[in-house]
Protein chains: 2
Amino acid sequence: MPTIKDVALKAGVSATTVSRVLNNRGYLSEELKHKVHQAMEELNYRPNELARSLSRSKSNIIGLIIPHVSLPFFGELTSHIEEHAYREGYKLLLCNSWQDKQKEQEYIHMLRASRVDGIIMGSHTLEVEAYRQMNLPLVTFDRQISPDIPYVCSDNYEGGKLATTLLIQKGCRHLAHIGGHPKLNILSHLRCVAFEDMAKQHNLEYVTLHTDNNSFDFEAYEQLLGQLFAEHPEVDGIFAGSDIIAAYALKACRTRGRRVPEDVKIVGYDGIMLRSLLDPPITTIRQPMEAIGKLAVDLILQQVQGHSVAAAHILPVELEEGATT
Amino acid sequence: MPTIKDVALKAGVSATTVSRVLNNRGYLSEELKHKVHQAMEELNYRPNELARSLSRSKSNIIGLIIPHVSLPFFGELTSHIEEHAYREGYKLLLCNSWQDKQKEQEYIHMLRASRVDGIIMGSHTLEVEAYRQMNLPLVTFDRQISPDIPYVCSDNYEGGKLATTLLIQKGCRHLAHIGGHPKLNILSHLRCVAFEDMAKQHNLEYVTLHTDNNSFDFEAYEQLLGQLFAEHPEVDGIFAGSDIIAAYALKACRTRGRRVPEDVKIVGYDGIMLRSLLDPPITTIRQPMEAIGKLAVDLILQQVQGHSVAAAHILPVELEEGATT
DNA sequence: AGGCCATGCCGACCATTAAAGACGTTGCGC
DNA sequence: GCGCAACGTCTTTAATGGTCGGCATGGCCT
């Protein structure tokens, strides 16, 4: 790989001058620019980003820690984040935490050592102190860590309210909610809170089920649904914490001969693209994933530029009716 | 962020000694090691990977270019690649090419500029020359670019054969294949070739449909299936080029009142985890994704270490029967 | 005395950037 | 018409944070 010196030699100027042409800094004659550009092309030169990063103390890399890219929601979110980051001249270092405390901590260390300019956290298993200590631009998704760390999330409460209200309005009298995260500091838990509030408000019976570990285990979902139908056969309305869970609910209904939406109505959450391959299409609360991804990147960039940013960033959700209600 | 000098000062030794402790080089007394480690901990010191990379001319970063992480197959593959890379001390820079020529080229430039140690390509829209020019450890997935660039793929022909044979054996007489990539140099096209070979061998009628652009457009799949059922209502066996396409096929059958598997049988390809949320579970040809991911990483590492590697790496597939056959 | 062990010090090196300096030409004020 | 600053253009030097090799310096052991 040619270096700046090779270019300098070929163009008959000093390395600094090449650097100045690269960055368009200071006084540069047209002739010189041309000469240098030509030399760069002939050598197929690309400036070494490692050296640039070291010199400028800025890597233009954003670290992304999520539970797992292969989860549809996080896959889509990652796509959007990557796209906006790239558009702004940033690269994305991907880390799958598997929702594991130790992995998450290791990744944080690794990203700090790599001098990433900021970290977007979609996985949060650690204690508050661990995040505050890292002393780096940070944005979390769906968790409020402390008043000075910005977070992005969808309007979880409103989403839960919309979903539950729809079920009630469509005539459901025995409601159930199945969610993934029982932890209170995870904002998605507000979906559950809203569900319970609505059910109480309408004096309806309701059940709430959660996976006990903080994971995204597909088998756990199947088990939970089995449990739900065994213990509460009267349930006629399910608000699922994600579209994936909704898909399992749909499958569980079909297996047990419950017709959807006639006998049981189902509402999901997220609005992942893949729901289009389910049949019937599920009703869901759509999160604005693209906006979330863009905002997460922007909040990192603003912090990088030294601006202070607001803590709460709650984006609106939208009810999208399919054929399961 | 503290530097090696800060650690040296705190421990009362020279920076060289700290570097020696870091890299376990030369003679080091236990006492010294302890002293230095303590200083590092107290300062929460992490060596600057940018500086190390620059100095060693090795970044320990692998670039991954794929069409899109949010496609389930690539999401899962990415997960495995990331996991194995991390286990070997490598980081992963993620690039979604959107199957776009220009983006792919830009990403290649960017990754070279970032001095990644190697590139895993799961997206290939460019001409052969573009790949050969990059002069970097490279591994491609599902495409043979040239005899000296190693590639990893599943046994596409065998997979196509297994799928088609199963359909025939189960009594299908009017076969159809729906695939995504009509390009011949993409190895997954062999699935289609095997399909046609088998159909001919058994003297059966068959249709082959492809999306015309080289994309993964979900709507195109739906359209294609509509076309298939309109023009060839007699079709009773579908070999889909992916599980996603199979899911759409399933949906299309249901919409049109064709029972699966009684009237139409369906076999997919890939074996993505998400197929477990489909109902009925689809029969599929499972690619060993974890092995593919691991191998791709290993092939990069071997090249990094200067070993020459074999070109072809074809991993076995497995037929997994669900309830769509 | 010679060999091993443990550390320090110096400088080159990686590729690039930032700040300051050099140098010939002009223009301006007095 | 002389001194001096400004100007445009490029170069020199130092810094970024770490690695690495060589060489020097002791102390301890045999």
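Here the structure is a predicted model, which is why all the values come from computation and not from measurement.

A word on the overall build of chain A
Here's step 1: From N to C terminus, chain A includes twelve helices and twelve strands.
Here's step 2: For chain A, the spread of C-alpha atoms along the three principal axes comes to 85 × 40 × 30 Å.
Here's step 3: For chain A, buried positions account for 58% of its 325 residues.
Here's step 4: The contacts of chain A with a sequence gap of at least 6 include a subset with a gap of at least 24, amounting to 68%.
Here's step 5: Surface summary for chain A: the accessible area is close to 13500 Å², and the carbon and sulfur share equals 49%.
Here's step 6: Across chain A, 33 positive and 40 negative side-chain charges occur, with their mean positions spaced 7 Å apart.

Some words on the domain arrangement of chain A
Here's step 1: When cut into domains, chain A gives domain 1 (4-47), domain 2 (59-154 + 290-316) and domain 3 (156-287).
Here's step 2: Measuring from the centre of the C-alpha atoms in domain 1 of chain A to the corresponding centre in domain 2 of chain A gives 37 Å.

Observations concerning helix α3 (residues 30-43) of chain A
Spacing of three or four residues puts side chains on the same side of an α-helix, whose turn is 3.6 residues.
All names here are of chain A.
Here's step 1: Spanning 14 residues, α3 covers 20 Å between terminal C-alpha atoms, matching the ideal 20 Å at 1.5 Å per step.
Here's step 2: For α3, the set of buried residues is Leu32, Val36, Ala39 and Met40. Within α3, the buried residues cover an arc of 100° as seen down the axis, which keeps them to one side. Residues Glu30, Glu31, His34, Glu41 and Glu42 are exposed on α3 and point more than 90 degrees away from its buried face.
Here's step 3: Among the structural elements, α1 (4-11) and α2 (15-23) are those in contact with the buried residues of α3.
Here's step 4: A positive phi of about 55° marks Asn44, the residue just after α3.

Quick word on the sheet that holds strand β6 (residues 174-179) of chain B
All names here are of chain B.
Here's step 1: Read across the sheet, six strands follow the order β7-β6-β8-β9-β10-β12 without closing on themselves; strand pairing throughout is mixed. Here the strands that pair on one side only, and so sit at the sheet edges, are β7 (205-210) and β12 (318-320). When strand polarity is set aside, the average angle formed by the axes of neighbouring strands in this sheet is 20°.
Here's step 2: As judged from the three bridges shared by strand β10 (residues 283-286) and β12, these two strands associate in the antiparallel manner. Note that in β12 the partner of Ile285 across the bridge is Leu319.
Here's step 3: Packed on one face of the sheet, helix α8 (residues 156-169) meets β6, β8 (237-240), β9 (265-270), β10 and β12 and runs near 165° to β9.

Quick notes on the relation of the copies chain A and chain B
Here's step 1: Rotating chain A by 180° and moving it 0.1 Å along the rotation axis overlays it on chain B with an RMSD of 0.3 Å. Interpreted geometrically, this transformation is the action of a two-fold axis. Scanning chain A for the C-alpha nearest the rotation axis identifies A:Leu93, at a separation of 2.3 Å.
Here's step 2: When the interface residues of chain A are mapped onto chain B, 100% of them again fall at the interface, so both copies present the same face.

Focus: the protein's contact with DNA strand C
Here's step 1: Close contacts around DNA strand C come from 26 residues, with A:Ile4, A:Asn48, A:Ser55, B:Thr17 and B:Ser29 the closest.
Here's step 2: When the atoms of DNA strand C within 4 Å of the protein are sorted by group, sugar and phosphate make up 68%.
Here's step 3: A:Asn23 places a side-chain nitrogen or oxygen 3.2 Å from a phosphate oxygen of DNA strand C.
Here's step 4: Within the backbone of B:Ser29, a nitrogen or oxygen atom sits 2.6 Å from a phosphate oxygen of DNA strand C.
Here's step 5: Mapped onto the surface near DNA strand C, the elements with two or more residues apiece are α2 and α4 (49-56) of chain A together with α2 (15-23) and α4 (49-56) of chain B.
Here's step 6: Among the elements that take part in the surface near DNA strand C, α4(A) stands out by supplying four residues, more than any other.
Here's step 7: In terms of residue class, the surface near DNA strand C is made up of nine nonpolar, twelve polar and five charged.

A look at the sheet that holds strand β10 (residues 283-286) of chain A
Residues and elements named next belong to chain A.
Here's step 1: In space, the six strands of this open sheet follow the order β7-β6-β8-β9-β10-β12, with mixed pairing throughout. Looking along the sheet, the strands with just one partner apiece sit at the ends: β7 (205-210) and β12 (318-320). Between one strand axis and the next, the sheet turns by 20° as a mean value, whatever way the strands run.
Here's step 2: Together, β6 (174-179), β8 (237-240), β9 (265-270) and β10 form the strand contacts of helix α11 (residues 243-255), whose direction differs from that of β9 by roughly 160°.

Here we look at the state of the cysteines
Here, disulfide denotes a covalent bond that connects the sulfur atoms of two cysteines.
Residues and elements named next belong to chain A.
Here's step 1: Overall, the coordinates contain zero disulfides over all chains when judged by the stated rule.
Here's step 2: Looking at Cys153, it has no disulfide partner, and the nearest cysteine sulfur is the one in Cys192, 16 Å off.
Here's step 3: Residue Cys172 stays outside any disulfide, its sulfur separated by 11 Å from that of Cys253, the closest cysteine.

Looking at the protein's contact with DNA strand D
Here's step 1: Taken together, 24 residues are adjacent to DNA strand D, and A:Thr17, A:Tyr27, B:Ile4, B:Arg52 and B:Ser55 come closest.
Here's step 2: One of the side-chain nitrogen or oxygen atoms of A:Thr17 is found 2.5 Å away from a phosphate oxygen of DNA strand D.
Here's step 3: Taken together, the elements giving at least two residues each to the surface near DNA strand D come down to α2 and α4 of chain A together with α2 and α4 of chain B.

Thoughts on the environment of B:Gly12
Here's step 1: Looking at the element boundaries, B:Gly12 is found in the loop between α1 (4-11) and α2.
Here's step 2: Judged by its relative accessible area of 60%, B:Gly12 falls in the exposed class.

Here we look at helix α12 (residues 289-304) of chain A
Here's step 1: Its 16 residues place the ends of α12(A) 23 Å apart at the C-alpha level, agreeing with the 22 Å of an ideal helix rising 1.5 Å per residue.
Here's step 2: The first or second residue beyond α12(A) is A:Gly306, which carries a positive phi of 90°.

Quick notes on the UniProt feature "domain: HTH lacI-type" (unreviewed entry) in chain A
Here's step 1: The residues that UniProt annotates with the feature "domain: HTH lacI-type" (unreviewed entry) are residues 2-56 of chain A.
Here's step 2: What you have in residues 2-56 of chain A is 71% helix and 0% strand, and the ends, taken at the C-alpha atoms, are 21 Å apart.

Overview of the packing of α1(A) against α2(A)
In a packed pair of helices, the relevant descriptors are the angle between the two axes and the axis-to-axis distance.
Residue and element names in this part refer to chain A.
Here's step 1: Direction vectors running N to C along α1 and α2 enclose 100°, while the axes themselves pass 8 Å from each other. If you check the angle between α1 and α2, you find them roughly perpendicular. Touching Ile4, Val7 and Ala8 of α1 are Ala15, Val18, Ser19 and Leu22, all from α2.
Here's step 2: For the contact of α1 with α2, a count of residues per class yields six nonpolar, one polar and no charged.

Points about the packing of aromatic side chains
Here's step 1: This model, assessed by the stated rule, comprises 18 aromatic pairs over all chains.
Here's step 2: Seen in terms of ring centroids, A:Tyr107 and B:Tyr86 are 4.4 Å apart; in terms of plane orientation they differ by 40°. Their pairing is tilted. Placement of the pair is A:Tyr107 in helix α6 (residues 101-113) and B:Tyr86 in helix α5 (residues 72-87), with the two residues belonging to separate chains. Note on accessibility: A:Tyr107 and B:Tyr86 belong to one class, buried.

A look at the pattern of salt bridges
Residue and element names in this part refer to chain B.
Here's step 1: Counted by the stated rule, this structure contains 32 salt bridges over all chains.
Here's step 2: Taking the shortest distance from any N to any O, the salt bridge between Glu222 and Lys251 comes out at 3.8 Å. Here Glu222 is found in helix α10 (residues 218-231), whereas its partner Lys251 is found in helix α11 (residues 243-255), with 29 residues between them in sequence.
Here's step 3: For Glu222, a relative accessible area of 37% puts it in the partly exposed group.
Here's step 4: Residue classification places Lys251 among the buried positions, given a relative accessible area of 14%.

Quick notes on the rules
- Residues numbered from 1 in each chain as written.
- Chains lettered and ligands numbered in written order.
- Predicted model: local features only at pLDDT ≥ 70, side-chain atom pairs only at ≥ 80, totals over all residues.
- Heavy atoms only, no water.
- Helix = DSSP H or I, 4+ residues; strand = E, 2+ residues; numbered from the N terminus.
- Buried < 20%, exposed > 50% of the residue type's maximum accessible area, 1.4 Å probe, protein only.
- Contact = heavy atoms within 4.5 Å.
- Areas by Shrake-Rupley, 256 points an atom, 1.4 Å probe, with all protein chains shown as cover.
- Lys, Arg positive; Asp, Glu negative; His and termini not counted.
- Charge placed at Lys NZ, Arg CZ, Asp CG, Glu CD.
- Domains from an automatic or database assignment.
- Expected span 1.5 Å × (residues − 1).
- Arc of directions from axis to C-beta.
- Pairing = 2+ DSSP bridges.
- Axes fitted to C-alpha atoms, helices over the stretch in contact; angles between N-to-C directions.
- Least-squares fit on C-alpha atoms with pLDDT ≥ 70 in both.
- Near = heavy atom within 4 Å.
- Polar contact = N/O pair within 3.5 Å; in protein donor to acceptor, adjacent residues only side chain to side chain.
- Nonpolar A, V, L, I, M, F, W, Y, C, P; charged D, E, K, R; others polar.
- Disulfide = S-S within 2.5 Å.
- UniProt positions renumbered as here; feature names shortened; annotations may be inferred.
- Parallel < 35°, antiparallel > 145°, perpendicular 65-115°, else oblique.
- Phe/Tyr/Trp six-rings, centres within 6.5 Å; stacked < 30°, edge-to-face > 60°.
- Salt bridge = Lys/Arg side-chain N within 4 Å of Asp/Glu carboxyl O.

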